[in-house]
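Architecture at a glance
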Amino acid sequence: MADNGSSVEIVEGCRLPVLRKNQEHEDEWPLAEILSVKEVSSRKLFYVHYIDFNKRLDEWVTGDRLDMKKLQFPKKEAKTPTKNGLPGSRPSSPEREVKRKVETVPLATQVPPATPVPSLPSSAEASQASVFPAVRETTTFKAREDHEQISSLTTNGTARRLIPPQPGRKRKANCGGTDEMIKVLQYNNPQSASVFLPPPEDSQDSSDGIPTAPRMTGSLVSDRSHDDIVTRMKNIECIELGRHRLKPWYFSPYPQELTALPILYLCEFCLKYLKSLKCLQRHLTKCNLRHPPGNEIYRKGTISFFEIDGRKNKTYSQNLCLLAKCFLDHKTLYYDTDPFLFYVMTEYDSKGFHIVGYFSKEKESTEDYNVACILTLPPYQRRGYGKLLIEFSYELSKVEGKTGTPEKPLSDLGLLSYRSYWSQTILEILMDLKPDNGERPQITINEISEITSVKKEDVISTLQYLNLINYYKGQYILTLSEDIVEGHERAMQKRHLRIDPKCLHFTPKDWSKRGKW
């Protein structure tokens, strides 16, 4: 295709369709942006980002995969007229001044948009998160007007803030306090009850649930406005880690001289990076590690967890962060690993303990975060290890006597894993409820949170995501359909890997009492 426009020079910022194979190995021509151009052996290569696709699909392509007929050149920025002769400022107009004033109005004072009804999950998301859509069991929230309102809800991954109720207005649709009793009702004829959920009053959506400014602590959100062309491009071609070769998804700040190598070699025990196989072999004769440094706090079968202090084992922690950044795009990399603990999951064989995945957490978190970054390495994905990491993080929270939540924003794969874990964990609790002295069993949101150590906001968001919360005759109803129950039972039969609390040997430390980490 490139021959049609060989006289036209393709520059960075151009957009045009690029040939790629989809999941069914069929040809497709999605629109892509040219991020970089290089010449190798007198042949031009183009680094493309497919618009509306995840960055991990970005790649170098040859000119014959470009559709030059639909080439779009980057738009030139219009020169702005000067104001009072000063360059870079524009003359103001009454309309612009009014618009600027409107945009600066605080979120809570803006006119609320049309009240949305919690949307059903898409079929693709539902299948990934183990969500299974007549009524066999029904659960009721009895709403109390005088109870403290929930400060925030999360629906389908976006935060929703609730404004305090105005005098003289009734709040009907927003879920009542988290101490509200849930009663389990049995309907002989489920179809006779028409369950509905009125649109919530006094509720507003924030833009996307992401904080306006990045936090100064932790490993949260990289400010996307500072992305430059270097960090937008993958810089490592291939990584050899033990018996696996990994193709990185994203940029990672390994030393510049290593980025030109066809393969980057890593010691699978200490994660030291080396430039050649010969260097790796020489290193292995001197490396005494056969497991991650730190304390082994869990072992069952071949699965072990090691707790690593980011201050005591700084080199290992930094190497782990460099490796993880190859597969995590939403988190910034911190060279200061002192404030973090790292929990590395390994699989044991005769050669040693091989890293499967890990999660990190802050030693002191003011926002009740029990996970900062979490990753299952690609060779071990889709085998249940992700849920095992998540379950282990909540087991630690149970021992600490806290409720926890992962740092936001989650990656697309992380969000699917957490939704699936929350769904299965909460459905397990609801389905195990037994009648008490012939009366209907009762449970509150707070009790679910205490049993599971899942934060209340995550419990509520999961119930909404599963579309279980409905409003009927002045009460909140949880509807567990036959499909949800049967689907949940099928999913739990496939979930062979579980954390056994008896095998956990963990003593939490009070880091606030320590002068230094």
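Residues numbered from 1 in each chain as written. Predicted model: local features only at pLDDT ≥ 70, side-chain atom pairs only at ≥ 80, totals over all residues. Heavy atoms only, no water.

Observations regarding the overall build of the chain
So the rule is basically this: Numbering goes from the N terminus for both helices and strands, where a helix is a DSSP run of H or I of at least four residues and a strand is a run of E of at least two. Accessibility here uses a 1.4 Å probe with only protein chains present; expressed as a share of the type maximum, an area under 20% marks a residue as buried, one over 50% as exposed, and anything in between as partly exposed. Surface accessibility in these figures is a Shrake-Rupley result with a 1.4 Å probe; residues are shielded only by whichever protein chains are displayed.
Secondary structure summary: the chain contains 9 helices and 25 strands in total. Within the chain, buried positions represent 47% of all 517 residues. Carbon and sulfur atoms form 51% of the exposed surface of the chain, whose accessible area is close to 28000 Å².

Let's talk about the sheet that holds strand E16 (residues 295–300)
The following threshold applies: Each pair of strands is called paired provided DSSP finds at least two bridges between the two strands. For helices, the fitted line uses only the C-alpha atoms of the stretch in contact; every axis is such a line through C-alpha atoms, and the angle between N-to-C directions lies from 0 to 180 degrees.
Overall, antiparallel pairing links the 5 strands, which are arranged E16-E17-E18-E19-E21 in an open sheet. Whereas interior strands pair on both sides, the edge strands pair on one side only; in this sheet they are E16 and strand E21 (374–376). With direction set aside, neighbouring strand axes in the sheet form an average angle of 20°. Taken together, the 5 bridges between E16 and strand E17 (residues 303–309) define a ladder with antiparallel strand orientation. Paired with Glu296 across the strands is Phe306, a residue of E17.

Comments concerning the pattern of salt bridges
The condition is simple: The rule for a salt bridge is simple: a side-chain nitrogen of Lys or Arg has to be within 4 Å of a carboxyl oxygen of Asp or Glu.
Under the criterion given, the structure shown has 21 salt bridges. Here Glu296 and Arg299 are joined by a salt bridge, their closest N and O atoms 2.7 Å apart. Residue class for Glu296 comes out partly exposed when judged on its relative accessible area of 31%. Beyond isolated ion pairs, a larger network of salt bridges with shared partners links Glu391, Glu428, Arg495 and Arg498.

Re the UniProt feature "active site" (unreviewed entry) in the chain
We apply this condition: UniProt positions are given in the numbering used here, feature names are shortened, and annotations may be inferred rather than shown by experiment.
Here, UniProt's "active site" (unreviewed entry) annotation points to Glu407. The topology assignment puts Glu407 in the loop between strand E22 (405–406) and helix H6 (412–431).

Details of a positive patch on the surface
Stated precisely, the cut-off is as follows: Residues qualify for a patch when their relative accessible area is over 30% and they have no salt bridge, like charges being joined within 9 Å and the nonpolar side chains of Val, Leu, Ile, Met, Phe, Trp and Tyr within 5 Å. Neither His nor the chain ends is counted toward charge; the positive residues are Lys and Arg and the negative residues Asp and Glu. To locate a charge, the coordinates of NZ of Lys, CZ of Arg, CG of Asp or CD of Glu are taken.
Taken together, the side chains of Lys272, Lys278, Arg282 and Lys286 define a basic patch exposed on the protein surface. Structurally, Lys286 is set in helix H3 (residues 277–286).

Looking at the nonpolar core
How we decide: Definition of nonpolar core: a set of buried residues of the types Ala, Val, Leu, Ile, Met, Phe, Trp, Tyr and Cys, connected through side-chain atoms within 4.5 Å. It only takes one pair of heavy atoms within 4.5 Å for two residues to be counted as in contact.
Phe305, Leu323, Tyr358, Phe392 and Leu463 are the most contacted members of the largest nonpolar core, which totals 80 residues. For this core, the element with the highest residue contribution is H6, accounting for 8 residues. Leaving out residues up to four positions away in the same chain, Leu323 has contacts with Ile239, Leu241, Tyr254, Leu266, Leu271 and Leu377. Leu16, Ala32, Val61 and Leu71 belong to the second largest nonpolar core, which has 13 residues in total.

Section: helix H5 (residues 385–400)
Cut-off, in case you're wondering: Helices are assigned an expected span. That span is 1.5 Å times one less than the residue count.
For H5, which comprises 16 residues, the first-to-last C-alpha distance of 23 Å matches the rise-based estimate of 22 Å (1.5 Å per residue) to within 8%. Within the span of H5, buried status applies to Tyr385, Leu388, Leu389, Ile390, Glu391, Phe392, Ser393, Tyr394, Glu395, Leu396 and Ser397.

Structural notes on the sheet that holds strand E1 (residues 15–17)
Strand order across the open sheet formed by 4 strands is E1-E4-E5-E6, with antiparallel pairing between neighbours. For this open sheet the edge positions go to E1 and strand E6 (59–62), each flanked by a neighbour on one side alone. Averaged over all pairs of adjacent strands, the angle between strand axes in this sheet comes to 50°, irrespective of strand direction. Pairing between E1 and strand E4 (residues 31–40): 3 bridges, direction antiparallel. Across the sheet, the residue bridging to Leu16 is Ala32, located in E4.

Here we look at the packing of H6 against helix H7 (residues 445–452)
Two quantities define a packed helix pair, namely the angle between the axes and the distance from one axis to the other. Here is the rule: When the near helix sits turned anticlockwise from the far one by under a right angle, the crossing is termed left-handed; a clockwise turn instead gives a right-handed crossing. Gly counts as polar in this scheme, as do all residues outside two lists: the nonpolar Ala, Val, Leu, Ile, Met, Phe, Trp, Tyr, Cys and Pro, and the charged Asp, Glu, Lys and Arg.
Between H6 and H7, the least distance of the axes is 11 Å, while the angle of their chain directions is 115°. Crossing angle aside, the handedness with which H6 passes H7 is right-handed. Contacts between H6 and H7 pair Thr425, Ile426, Ile429 and Leu430 from the former with Ile448, Ile451 and Thr452 from the latter. Looking at the contact of H6 with H7 residue by residue, the classes come out as 5 nonpolar, 2 polar and no charged.

Observations regarding the pairing of strand E18 (residues 340–349)
The buried fraction of E18 amounts to 8 of the 10 residues, a majority that puts the element mostly inside the structure. Strand direction decides the pairing type here: E17 and E18, joined by 7 bridges, are antiparallel. Within E18, the position partnered with Ile303 by the bridge is Glu347. Summarising the sheet, E18 and strand E19 (residues 352–362) pair through 10 bridges and their orientation is antiparallel. Bridge pairing in E19 links Thr346 to Ile355.

Thoughts on the side chain of Asp458
Relative to the assigned elements, Asp458 resides in helix H8 (residues 456–465). Despite its burial, Asp458 pairs with no opposite charge, the nearest such side chain being Lys408 at 4.3 Å. Every residue in contact with Asp458, bar those within four places of it in the chain, is listed here: Tyr394, Gly404, Thr405, Pro406, Lys408 and Trp422.

Some thoughts on the environment of Lys361
Which entries qualify depends on this criterion: What qualifies as a polar contact is a pair of N or O atoms within 3.5 Å, subject to a donor-acceptor requirement within protein and to the restriction that residues adjacent in sequence count only when both atoms come from side chains.
Note that Lys361 resides in strand E19. On the accessibility criterion, Lys361 (5% relative accessible area) is buried. Not counting the four nearest positions on each side in its chain, Lys361 is found in contact with Pro339, Phe340, Leu341, Tyr343, Asn370, Val371, Ala372, Leu396 and Glu400. Here the side chain of Lys361 touches Glu400 through a polar contact of 3.2 Å, side chain to side chain.

Here's the deal with the packing of H6 against H8
This is how it is decided: For classification, angles of less than 35 degrees are called roughly parallel, those exceeding 145 degrees roughly antiparallel, those between 65 and 115 degrees roughly perpendicular, and all remaining angles oblique.
Following both chains from N to C, one finds H6 and H8 inclined at 90°, their axes separated by 10 Å at the closest point. Judged on the interaxial angle alone, H8 and H6 are roughly perpendicular. Residue-level inspection shows Arg419, Trp422, Ser423, Ile426 and Leu430 of H6 in contact with H8, the latter providing Asp458, Val459, Thr462, Leu463 and Tyr465. Each residue belonging to the contact of H6 with H8 can be placed in one class, and the counts come to 6 nonpolar, 2 polar and 2 charged.

As for the packing of aromatic side chains
The test is simple: Aromatic contacts are taken between Phe, Tyr and Trp rings whose centres are within 6.5 Å, Trp giving its six-membered ring; a plane angle under 30 degrees counts as stacked, one over 60 as edge-to-face, and the others as tilted. Only when the NZ of Lys or the CZ of Arg is both within 6 Å of the ring centre and within 35 degrees of the ring normal is a charge said to sit over the ring.
Going through the model one piece at a time under the given rule, you end up with 18 aromatic pairs. Taking 5.8 Å as the distance between ring centres and 75° as the angle between the ring planes, the aromatic pair formed by Tyr298 and Phe305 counts as edge-to-face. Between Tyr418 and Trp422, the ring centres sit 5.4 Å apart and the planes meet at 55°, which makes this aromatic pair tilted. Taken together, the positions of Tyr418 and Trp422, both in helix H6 and 4 residues apart, correspond to about one turn of that helix. Overall, Tyr418 belongs to the buried group, its relative accessible area being 1%. The residue whose ring lies beneath Arg20 is Tyr50, and the NZ or CZ to ring-centre distance is 5.3 Å. Lying over the aromatic face of Trp511, Lys363 brings its terminal NZ or CZ to 4.7 Å of the ring centre.

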